[in-house]
Amino acid sequence: MLKLLIIGAGGIGGYYAAKLSAAGHQLVLTARGKHLAAMQASGLEVHSQDQRFHCQVPAYDHGELVRRYQPDDFDLIMVCLKSTATLPLLDELGDWLMQGTVPVLSLQNGVDNEPLFAHALGESRVLGGLAVRIGGHIIKPGVVSAQGEARIVMGIWPTAGEQADPRHRLLDQLKAAFEDAGIPVNVSEAIRYELWRKLVINNGVNPLSALTGLDTGTLTHDPQLKRIVYGMMAETVEASKADGVNLSQQDLDDMFQLISEFDPIKTSMLVDKEKGRPLELDSIAGAVIRRCQQQGREAPFTETVVALLAHAN
Ligand SMILES: NC(=O)C1=CN([C@@H]2O[C@H](COP(=O)(O)OP(=O)(O)OC[C@H]3O[C@@H](n4cnc5c(N)ncnc54)[C@H](OP(=O)(O)O)[C@@H]3O)[C@@H](O)[C@H]2O)C=CC1
Ligand SMILES: CC(C)(CO)C(=O)C(=O)O
């Protein structure tokens, strides 16, 4: 059985925690505020499709985590925070993480999280990852609702290297354990490429959904809005070239087709907007605009939506 620490057990982390705990793995979670208090008082409840999971799993804030545990008490640390919280996390837990050697798997949206972990902890401790085909959110403190197959794609950051790298064996172990727990997994040899493909979708729909209040189905089927979605996706493809990833026209069309054919989802950015929480705008749209600027290009669709969002209530 695996010992897993999930940092930021909200919509995504809470869902995976419940599935993994139900399969018998030992979990420790971090969270804060009312959600943490509710999990400590009554456990974590997860509603998914027509199933309900309830698990009583230790949950702490970061101060209490470092008092109780060492990083190497765990086989894996999964980071499921918003990308806005990555740098604050490294401020809070960077020294503690440096006391161990355990690998860190980010399941966050965006292409800048893994580089931050690699810079702070060393590349050899980083696994890149993403959660796909999932919409998962805290619906009230201690309760998460999730839909979709909730597949995890993960791999050695930034690309699979030598066969002797111990992360290969860990990834095989994780795939087997997660799939036994009902979590489909793809192990990717090119996780940075996969993260960029996901960013194509996120930049296409997340900011526009936060601006309009619309779900992914409406955004990708309305004749006017779908042109904006496609335009923002095309700008992400251009941006990828600054990182040497070189997404293609085929990637663009595949990603547009994927999100338009998938069940309509309320994006995580729209949920954040409605709750008055910080938006992952810099790590999604900002990442695209900056890389287009580096190449002397404009990103007019993305820049316009970001400018409108700055003035939206
Ligand atoms: N939600 C979704 O459907 C999807 C999300 N993703 C990506 O997954 C990642 C996680 O998203 P999501 O699950 O929605 O995020 P959530 O906001 O639901 O969960 C993160 C949790 O971490 C907590 N947290 C933040 N900072 C700290 C801290 N310093 N100490 C302790 N707890 C902290 C948050 O508390 P607080 O609320 O107080 O900040 C929150 O409870 C994001 O990058 C997102 O883009 C990807 C696919 C789909
Ligand atoms: C692709 C999408 C919209 C759902 O998985 C997402 O990643 C999000 O809501 O942030």
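Quick caveat: nothing in here was measured; it's all calculated off a predicted structure. (Residues numbered from 1 in each chain as written. Chains lettered and ligands numbered in written order. Predicted model: local features only at pLDDT ≥ 70, side-chain atom pairs only at ≥ 80, totals over all residues.)

1. Here we look at the site of ligand 2
Around ligand 2, a shell composed of Asn 109, Ile 134, Gly 135, Ile 201, Asn 202, Val 205, Asn 206, Thr 216, Ile 265, Thr 267 and Ser 268 is seen. A breakdown of the residues in the shell around ligand 2 according to their chemical character gives 4 nonpolar, 7 polar and no charged. Shared between two domains, the shell around ligand 2 holds at least three residues of each, these being domain 1 (3-189) and domain 2 (193-311). (Near = placed C-beta within 6 Å. Nonpolar A, V, L, I, M, F, W, Y, C, P; charged D, E, K, R; others polar. Domains from an automatic or database assignment.)

2. Examining the domain arrangement of the chain
In terms of domain boundaries, the chain breaks down into domain 1 (3-189) and domain 2 (193-311). On a C-alpha basis, the centroid separation for the pair domain 1 and domain 2 is 24 Å. Domain 1 puts 16 residues into the contact, and the matching count from domain 2 is 17 residues. Contributing elements (two or more residues each) for the side of domain 1 that touches domain 2: strand S8 (126-132) and strand S9 (135-140). It is S8 that provides the largest number of residues to the side of domain 1 that touches domain 2, a total of 3 residues. Tallied by class, the residues present in the side of domain 1 that touches domain 2 amount to 4 nonpolar, 9 polar and 3 charged. (Contact = placed C-beta atoms within 7 Å. Helix = DSSP H or I, 4+ residues; strand = E, 2+ residues; numbered from the N terminus.)

3. Examining the packing of helix H12 (residues 281-294) against helix H13 (residues 300-310)
Axis separation between H12 and H13 bottoms out at 9 Å; the angle between their running directions is 145°. With respect to the hand of their crossing, H12 and H13 are arranged in left-handed fashion. Touching Leu 281, Ala 285, Val 288 and Ile 289 of H12 are Thr 302, Glu 303, Val 305, Val 306 and Leu 309, all from H13. Among the residues making up the contact of H12 with H13, the classes are represented as 7 nonpolar, 1 polar and 1 charged. (Axes fitted to C-alpha atoms, helices over the stretch in contact; angles between N-to-C directions. Left-handed = near helix turned anticlockwise from the far one by under 90°.)

4. Observations regarding the site of ligand 1
Around ligand 1 sit 30 residues in total, of which Gly 8, Gly 10, Gly 11, Gln 108 and Asn 109 are the nearest. Put simply, the parts of the chain that give the shell around ligand 1 at least two residues each are helix H1 (11-22), helix H2 (33-42), helix H4 (86-97) and S9. Counting residues per element, the shell around ligand 1 draws most heavily on S9, at 4 residues. When grouped by side-chain class, the residues that make up the shell around ligand 1 number 10 nonpolar, 15 polar and 5 charged.

5. A short note on the environment of Thr 302
Here Thr 302 shows up in helix H13. As for Thr 302 and Ala 242, which are separated by 60 residues in sequence, their C-alpha atoms are 17 Å apart.

6. Regarding the pairing of strand S1 (residues 3-7)
In terms of burial, S1 is largely enclosed, as 4 of its 5 residues are buried. With 5 bridges connecting them, S1 and strand S2 (residues 26-30) associate as parallel partners. Counterpart to Ile 6 in the pairing with S2 is Leu 29. Handedness of the β-α-β unit built from S1, H1 and S2 comes out right-handed. Both S1 and strand S6 (residues 76-79) contribute to a ladder of 4 bridges, which runs parallel. Across the sheet, the residue bridging to Leu 5 is Ile 77, located in S6. (Buried ≥ 20, exposed ≤ 12 C-beta atoms within 10 Å, placed from the backbone. Pairing = 2+ DSSP bridges. Right-handed = clockwise from strand over helix to strand, strands pointing away.)

7. A look at the UniProt feature "domain: Ketopantoate reductase C-terminal" (unreviewed entry) in the chain
Following the UniProt record, the feature "domain: Ketopantoate reductase C-terminal" (unreviewed entry) maps to residues 191-311 here. Summarising residues 191-311: 74% helix, 0% strand, and an end-to-end C-alpha distance of 35 Å. (UniProt positions renumbered as here; feature names shortened; annotations may be inferred.)

8. Things to note about the nonpolar core
By size, the foremost hydrophobic cluster in this structure holds 95 residues, and its most contacted members are Ile 6, Ala 17 and Leu 29. If you tally residues by element for this core, the top one is helix H7 (residues 191-212), at 11 residues. No fewer than three residues from each of domain 1 (3-189) and domain 2 (193-311) sit in this core. With near-sequence residues (within four places) excluded, Ala 17 lies in contact with Ile 6, Ala 9, Leu 27, Leu 29, Leu 44 and Val 57. (Core = buried A, V, L, I, M, F, W, Y, C linked by C-beta atoms within 7 Å.)

9. Quick word on H4
Between its first and last C-alpha, H4 extends only 13 Å over 12 residues, short of the 16 Å set by a 1.5 Å rise per residue. Those residues of H4 that fall on the buried side of the exposure criterion are Thr 86, Leu 89, Leu 93 and Leu 97. Along the axis of H4, the buried residues cluster in a sector spanning 75°; they form a single face. Facing away from the buried surface of H4 by more than 90 degrees, the exposed residues are Pro 88, Asp 91 and Asp 95. Where H4 is buried, its residues meet S1, helix H3 (62-68) and helix H5 (113-121). (Expected span 1.5 Å × (residues − 1). Arc of directions from axis to C-beta.)

10. Some words on the sheet that holds strand S12 (residues 185-187)
One open sheet holds the 8 strands; their spatial order is S5-S2-S1-S6-S7-S8-S11-S12, and the pairing between them is mixed. Single-partner strands in this sheet number two, and they are strand S5 (59-60) and S12. Strand direction decides the pairing type here: strand S11 (residues 151-156) and S12, joined by 3 bridges, are parallel. Across the sheet, the residue bridging to Val 153 is Asn 186, located in S12.

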